[in-house]
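Residue-level structure breakdown
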Amino acid sequence: MIVSMKNIVKIYGDNTALNNLNLEIREGEVLGLLGPNGSGKTTAIHILCGLIGKNSGEVTVFGMPQDTKNLKTRQQMGLVTQEVTVFKDLTAKENLRYFGGLYGLKGAELEANIKEVLEFVELTDRANKKPGTFSGGMQRRLNIACSLVHKPKFLIMDEPTVAIDPQSRNHILESVKKIAARGTTVLYTSHYMEEVQEICSRIVVMDAGRAIASGTVDELIAQIQHEEVVRLTALAATDVLTRELEEIAGVQSVIVNGNEYVIASTVGTGNLNRILETAQRHGGVAGFNADKPNLEDVFLTLTGKKLRDEEA
Ligand code: ADP
Ligand code: MG
């Protein structure tokens, strides 16, 4: 266990940002912290890093109690902040020298690490340029490089892909996979479920300052017992077909609209073949599709809310 956060409460004025948050992170995992804006992800990270205090609860990092005075744990941690926090007046390389220096790196080791991280984020050809000339995605990549230059054992990334171009986003997602493959533990926060689904080995779902569910994607989906939905167009809708569909094991409901059938089943019943075979026997199938529930459905079921605001 690299991190343990127990019953963390953080209150701002009359706003409870964290309401008894419990979170554990195991060595070597890529843990996705998934939650809508305002659910407390950044606050949790800042407490975890010892950047801000808490009202109550206990945090340990690498087995040591974490607080705002503990500098030891931070040597082994890297934080990619939600907002890009590089110096606009320093070149990419000078930024890396600065951040590396904060961690006590110097001389040949620092220069070797700088070269390595610049290659890693594919900014070698921009090493001597100032970030003001970079695209948003490149600035984010430099921000990531600054958090990696001291080779942390534990990397925390706070929404590193918000508002960037798809190419930089893919680059960042691939980078996380490579970082994890080297054995670095990663905490990745996002409100994009597709990303979390792609790169994380385990997910904690946050809402209103607490962890409301955790597990692999499959485990979370199994947890909600959500329906699997088959949409089927029959060549001829009949009452007999409807009744026979309703009798198939696992089928919870059949809704008929013209020749369209919407058939909801519990997960894991594996009854798709029986549904199709039944429809074939009663005149034939013009088309069908089967939808698996996804993390968005998990979130909707657990909270009654959508994970992100509709984006324009
Ligand atoms: P997330 O990162 O999931 O979007 P945050 O941790 O930033 O969520 O915020 C959680 C809640 O705490 C929000 O209601 C936010 O407005 C509030 N909050 C965060 N930081 C502060 C602060 N410095 N002062 C007052 N309220 C804050
Ligand atoms: Mg945040």
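Residues numbered from 1 in each chain as written. Chains lettered and ligands numbered in written order. Predicted model: local features only at pLDDT ≥ 70, side-chain atom pairs only at ≥ 80, totals over all residues. Heavy atoms only, no water.

1. A look at the sheet that holds strand β1 (residues 3-12)
Note the following rule: In this scheme, strands are said to pair when DSSP sees at least two bridges between them. The secondary structure listing takes helices from DSSP runs of H or I that are at least 4 residues long and strands from runs of E that are at least 2 residues long, numbered from the N terminus. By definition, residues are in contact when any of their heavy atoms lie within 4.5 Å. The axes used here are C-alpha line fits, helices contributing only the stretch in contact, and every angle between their N-to-C directions lies in the interval 0 to 180 degrees.
Read from one edge of the open sheet, four strands run β2-β1-β4-β5, paired in antiparallel fashion. Each having just a single partner strand, β2 (15-25) and β5 (64-65) make up the two edges of the open sheet. The sheet contacts of helix α1 (residues 41-48) involve β1, β2 and β4 (56-61), and relative to β1 the element is tilted by about 120°.

2. What to know about a nonpolar patch on the surface
Our working rule: What makes a patch is a set of residues exposed beyond 30% relative accessible area and free of salt bridges, joined within 9 Å when like-charged and within 5 Å when nonpolar (Val, Leu, Ile, Met, Phe, Trp, Tyr). Working definition of accessibility: Shrake-Rupley area with a 1.4 Å probe, residue cover restricted to the visible protein chains. Each salt bridge in this description consists of a side-chain nitrogen of Lys or Arg and a carboxyl oxygen of Asp or Glu lying within 4 Å of one another.
Side chains of F87, Y98 and L102 sit close together on the surface and give an oily, nonpolar patch of about 290 Å² of accessible area. Counting through the fold element by element, Y98 comes out in helix α2 (residues 92-102).

3. Remarks on the side chain of N143
What counts here: Each residue gets one of three labels from its accessible area relative to the maximum for its type: buried under 20%, exposed over 50%, partly exposed in between, using a 1.4 Å probe on protein chains only.
Counting through the fold element by element, N143 comes out in helix α4 (residues 136-148). Since its relative accessible area comes to 5%, N143 is described here as buried. If we ignore the near neighbours within four places in the chain, the residues touching N143 are V80, T81, E83, V84, T85 and V86.

4. Digging into the packing of aromatic side chains
Put simply, the rule reads: The aromatic pairing rule takes the rings of Phe, Tyr and Trp, using the six-membered ring of Trp, and pairs them if the centres are within 6.5 Å, calling planes under 30 degrees apart stacked, those over 60 edge-to-face and the rest tilted.
Inspection of every chain in the model, using the stated rule, returns four aromatic pairs. Ring geometry for F62 and F154: centres 6.5 Å apart, planes at 90°, overall edge-to-face. Taken as a pair, F62 in the loop between β4 and β5 and F154 in strand β7 (residues 154-158) lie far apart in primary sequence, 92 residues in all. Residue F154 is classed as buried on the basis of its relative accessible area, which comes to 0%.

5. Details of helix α9 (residues 272-281)
Put simply, the rule reads: The arc in question is the one spanned by the directions pointing from the helix axis to the C-beta atoms.
For α9, the full list of buried residues reads I275, L276, T278 and A279. Along the axis of α9, the buried positions cluster into a sector of 160°, meaning they face one direction only. Among the residues trailing α9, G283 stands out with phi positive, at a value near 110°.

6. Re the packing of helix α8 (residues 239-246) against α9
The packing of two helices is summarised by the inter-axis angle and the distance between the axes. Spelled out, the test is: Angles are sorted into four bins: roughly parallel if under 35 degrees, roughly antiparallel if over 145, roughly perpendicular if 65 to 115, and oblique for all others. Working rule for handedness: look at the near helix, and if it is turned counterclockwise from the far one by less than a right angle, call the crossing left-handed; if clockwise, right-handed. Gly falls in the polar group here, along with every residue not listed as nonpolar (Ala, Val, Leu, Ile, Met, Phe, Trp, Tyr, Cys, Pro) or charged (Asp, Glu, Lys, Arg).
Direction vectors running N to C along α8 and α9 enclose 160°, while the axes themselves pass 10 Å from each other. The angle between α8 and α9 falls in the class roughly antiparallel. As for how α8 packs across α9, the hand of that crossing is right-handed. Residue-level inspection shows L241, E244 and L245 of α8 in contact with α9, the latter providing I275, T278, A279 and R281. Across the contact of α8 with α9, the residue classes tally to four nonpolar, one polar and two charged.

7. Section: the environment of I199
Note that I199 resides in helix α6 (residues 193-199). Sequence separation of I199 and L31 is 168 residues, and the distance between their C-alpha atoms is 8.9 Å.

8. Topic: the sheet that holds strand β8 (residues 185-190)
The strands making up a sheet are joined through hydrogen bonds of the backbone, oriented either antiparallel or parallel. Within the open sheet, the six strands sit side by side as β6-β7-β8-β3-β9-β10. Their pairing is mixed. Looking along the sheet, the strands with just one partner apiece sit at the ends: β6 (77-80) and β10 (210-215). Neighbour-to-neighbour, the strand axes of the sheet open up by a mean angle of 15°, direction not taken into account. Bridge count for strand β3 (residues 30-34) against strand β9 (residues 202-207) is four bridges, and the pairing is parallel. Bridge pairing in β9 links G32 to I203. Strands β6 and β7 of the sheet are contacted by α4, whose axis makes an angle of about 165° with β6. Of the strands in this sheet, β3, β7 and β8 are in contact with helix α5 (residues 166-181), which crosses β8 at around 155°.

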